[in-house]
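# Structure at a glance
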There are 2 protein chains.
Amino acid sequence: MSTKALSIKDIAKKANVSITTVSFIINGKGVEKNISTAVIERIEKIIQEDGYKPNQVARSLRMGTSKIIGLIVEDISNPFFAGIARLIEDKAYKKGYKIIYSSTENQPGKTKELIDLFKSRQVDAYIIAPAEGARIEIEKLLLENKPVVLFDRYLPDLNVNYVGIDNFNASYNAVKQFVKDKRKNIALVTVDIDVEQINHRLDGYKQALIDHQMPFSAGLVIKMPFGQTKEETIDRLVQLFKSHPEIDAVLFATNYLAIGGLMALKQMNKMVNERFSVIAYDDGDVFKLHTPQISAVEQPLDEISDNIINLIFQQISAKEQLAPQQIILSGRLIIR
Amino acid sequence: MSTKALSIKDIAKKANVSITTVSFIINGKGVEKNISTAVIERIEKIIQEDGYKPNQVARSLRMGTSKIIGLIVEDISNPFFAGIARLIEDKAYKKGYKIIYSSTENQPGKTKELIDLFKSRQVDAYIIAPAEGARIEIEKLLLENKPVVLFDRYLPDLNVNYVGIDNFNASYNAVKQFVKDKRKNIALVTVDIDVEQINHRLDGYKQALIDHQMPFSAGLVIKMPFGQTKEETIDRLVQLFKSHPEIDAVLFATNYLAIGGLMALKQMNKMVNERFSVIAYDDGDVFKLHTPQISAVEQPLDEISDNIINLIFQQISAKEQLAPQQIILSGRLIIR
DNA sequence: GTTCTATACTAAAACGTTTTACCGTTCTCA
DNA sequence: TGAGAACGGTAAAACGTTTTAGTATAGAAC
């Protein structure tokens, strides 16, 4: 049976003082609370030697805070989210906070479940890449005045902190690049979920076509159902390329779609070259190592996570309610 | 100000019963504890309507368990760990458990910090890919009889649950494949950390050379310092390939080393072809999409995480101490 | 020699649960 | 008819902290 951990009571008994005194010292309030330096040192020594660590659960219960930040993403194994998670974890850790995370897999119900779960664990703040149907839950958090920062995906007309990139312009510039390269039939492969981020990627594509006097053809826009297998994605794209041999450029709205696309091309023995270009969202080693190298819209992970963490800590330490900020960074089009 | 969440007391008051009764009902012990079905239904209705969720922190404090599993890896943004994390999270969630994770970045001190932190949050079980210097901390956990499963990296002569692949044979087979392909100068690029997993990858390489009557040349084994930047890795490998033009095959002991290696080759305009082969540890999209495709030792993520979770839950639900199990799966050599 | 202030510390409540031990009724049946 | 069992609940302690509102003593000030 696991030996019980030391409690503040044990330390108090051993030192012949009250638990109040020990508590003050643990929390660095010894001097402020008029505890003699002799006692302070004695207790600190005992704590040190016995390796006493305060029980955070008890502390949470009493204080109503947990020093835990909840992170909700679609899929932690997606390199974009994993990268953000790593950076956020690191920065949070330095301020004494831990991350507890979950993937929603884009299931509407799961967001609610997760938020409830996090709430019941008294997490201090929420970082969320919201899936469809997350709106009401997030509104509730806001009503309860919890620190919340959304990222990657924005919920329109919800007055909430947000960090993301300018997807409209990123798409726009990608298409502009295609036009500059004399591409005539530019396809967009995107995903069939109704979130602003994804919609803007489509809007930017459309607007760029208009501005460059190119026709919009519905047949060149593919909306993949979310959650389909990689094989399905590949099959679907093979079909697309076969039935539309005129396509000479493709913009992929997510990194996994781009990967699927490149696999489809490989399978068909179709080359990316001077007559067929590709641009992917979210840069990665895959694209750098591909032959030929693939152009990409790079999201600045470091900048994004910096901003997220700053917003979170601003809110955590704020006395009164802060006005939500929307931080829009720009994606960098890397042309290869 | 955030409106306070409902407590069991509120529900009890509203229903005119004691909190004991409510607690019994919440925990499905209503019938067993002789609460009338009338009362049970009434309370359940109130709970439902008011959306009451028990405070897990209070529950943890009282029960000493948290329904949280701690996951400690080297770097959550490494696709291998991210993939495992995702799968484990999913399986744990289905049993009502959450994951709280952290990256050690291979800093010896950090493992201790993290374990202490997890302990003070009363996590119910530990899943750890141990970094160097983690041994004593893990021994302590074992003494305290906490459920622990190590994965990826094994600590020799520590009697503890472990799930991993047979690194010796994986390396051995990789080299064997090179020999079959008539390679004469086979290099190993590995990392300079002293963990069994990494050592076995080296041992398998050596043994395969011996068994095939090939000379072992220390100059063909590169141990990269852990934590060096990608650029440093690339530079170092460029040097290697330049100073050892005789090399005609390379086994990379980790996925990020392989990626660095491919970048080095790309930079040098050196091709992977019939006269120069590469095998990487941990398969990934990068290798499938590379031209030519890169052979890899695939670790069976699904199988690994299944085994981890099973071991964890076996321990959590066991009444008495279980004998630790070492589960060694085989890596699959994918020849491309 | 009283009052005031500073010093050095502590008792006890509170956070929201779970669980043990108990208390009244009403039935059952010898 | 009266003893035990079954029924339907409840009071209160405990988990390990933090924090408020003290207490007790010593010295300072007048």
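Report on the accompanying structure. (Residues numbered from 1 in each chain as written. Chains lettered and ligands numbered in written order. Predicted model: local features only at pLDDT ≥ 70, side-chain atom pairs only at ≥ 80, totals over all residues. Heavy atoms only, no water.)

In this assembly, 57 residues from chain B lie in contact with 56 residues from chain A. Overall, the association of chain B and chain A removes approximately 5,100 Å² of surface from exposure, summing both partners, and the carbon and sulfur fraction of that is 57%. Summed over the three residues of chain B that lose the most area to chain A, namely B:Y101, B:R121 and B:L289, the buried surface amounts to 15% of that side. Two residues, B:D75 and A:R86, come together in a salt bridge whose shortest N-O distance is 2.3 Å. If you look at where chain B meets chain A, you find 22 residue pairs in polar contact (both at pLDDT 80 or more). Of all elements in the fold, only α4 (56–63), β1 (68–73), α5 (79–94), β2 (98–103), α6 (108–120), α11 (255–268) and α12 (285–289) of chain B reach the threshold of two or more residues within the side of chain B that touches chain A. (Contact = heavy atoms within 4.5 Å. Buried area = accessible area lost by both parts, 1.4 Å probe. Salt bridge = Lys/Arg side-chain N within 4 Å of Asp/Glu carboxyl O. Polar contact = N/O pair within 3.5 Å; in protein donor to acceptor, adjacent residues only side chain to side chain. Helix = DSSP H or I, 4+ residues; strand = E, 2+ residues; numbered from the N terminus.)

Here we take up the protein's contact with DNA strand D. Contacts to DNA strand D come from 28 residues, most closely from A:I8, A:S23, A:R62, B:T21 and B:S36. Taking the atoms of DNA strand D that fall within 4 Å of the protein, sugar and phosphate contribute 56% of them. The side chain of A:S23 places a nitrogen or oxygen atom 2.6 Å from a phosphate oxygen of DNA strand D. Within the side chain of A:R59, one N or O atom sits 2.7 Å away from a phosphate oxygen of DNA strand D. For the surface near DNA strand D, the secondary structure elements donating two or more residues are α2 (19–26) and α4 (56–63) of chain A together with α2 (19–26) and α4 of chain B. Among the residues making up the surface near DNA strand D, the classes are represented as twelve nonpolar, ten polar and six charged. (Near = heavy atom within 4 Å. Nonpolar A, V, L, I, M, F, W, Y, C, P; charged D, E, K, R; others polar.)

Residue and element names in this part refer to chain B. What the six strands build is an open sheet, ordered β7-β6-β8-β9-β10-β12; its pairing is mixed. Each edge of the sheet is formed by a strand with only one pairing partner; in this case those strands are β7 (221–224) and β12 (332–334). For this sheet the average axis-to-axis angle between neighbouring strands, irrespective of direction, equals 15°. As paired elements, strand β10 (residues 295–298) and β12 share three bridges and run antiparallel to each other. Within β12, the position partnered with A296 by the bridge is I334. (Pairing = 2+ DSSP bridges. Axes fitted to C-alpha atoms, helices over the stretch in contact; angles between N-to-C directions.)

Further remarks concern unusual backbone geometry. Residue A:P292 follows A:T291 across a cis peptide bond; omega there is -5°. Relative to the elements of secondary structure, A:P292 occurs in the loop between α12 (285–289) and β10 (295–298). Within the chain, B:N145 stands out as a residue other than glycine whose phi angle is a positive 65°. Inspection of the secondary structure assignment puts B:N145 in the loop between α7 (135–143) and β4 (148–151). Its relative accessible area of 29% is what places B:N145 among the partly exposed residues. (Buried < 20%, exposed > 50% of the residue type's maximum accessible area, 1.4 Å probe, protein only.)

It is worth spelling out the relation of the copies chain B and chain A at this point. You can overlay chain B on chain A at an RMSD of 0.1 Å; the transform is a turn of 180° with a shift of 0.0 Å along its axis. Here the copies are linked by what is in effect a two-fold axis. The share of interface residues of chain B whose copies in chain A are also at the interface is 98%, consistent with both copies meeting through the same surface. (Least-squares fit on C-alpha atoms with pLDDT ≥ 70 in both.)

To continue, consider the protein's contact with DNA strand C. DNA strand C sits among 29 residues. The nearest are A:T21, B:I8, B:S23, B:R59 and B:R62. Near the protein, within 4 Å, the atoms of DNA strand C are sugar or phosphate in 57% of cases. Take B:I8: an N or O atom from its main chain is 2.6 Å from a phosphate oxygen of DNA strand C. Here B:S23 contributes a side-chain N or O atom positioned 2.7 Å from a phosphate oxygen of DNA strand C. When residues of the surface near DNA strand C are traced back to their parent elements, those giving at least two are α2 and α4 of chain A together with α2 and α4 of chain B.

So, about the packing of helix α5 (residues 79–94) of chain A against helix α13 (residues 301–317) of chain A. All names here are of chain A. Their axes nearest at 9 Å, the elements α5 and α13 cross at an angle of 45°. Classified by the interaxial angle, the pair formed by α5 and α13 is oblique. Judged by the twist between their axes, the crossing of α5 over α13 is right-handed. Residues F80, G83, I84, L87, I88, K91 and A92 of α5 lie in contact with α13, whose contacting residues are L301, D302, I304, S305, D306, I308, I309 and F313. (Parallel < 35°, antiparallel > 145°, perpendicular 65-115°, else oblique. Left-handed = near helix turned anticlockwise from the far one by under 90°.)

Now for the pairing of strand β6 (residues 186–191) of chain A. On a regular strand, one side chain projects to one face of the sheet and the next to the other, so that they alternate. Residue and element names in this part refer to chain A. Judged by how many residues are buried, β6 sits mostly within the fold: six of six residues are covered. Burial of the side chains of β6 extends over both faces: I186, L188 and T190 are buried on one face and A187, V189 and V191 on the other. Strand direction decides the pairing type here: β6 and strand β8 (residues 249–252), joined by four bridges, are parallel. Along β8, the bridge assignment pairs A187 with V250. Note: β6 against strand β7 (residues 221–224), four bridges, orientation parallel. Residue pairing in the sheet places V189 in a bridge with I222 of β7. Once the chain exits β6 it traverses helix α9 (residues 196–211) before rejoining the sheet at β7, and the crossover so formed is right-handed. (Right-handed = clockwise from strand over helix to strand, strands pointing away.)

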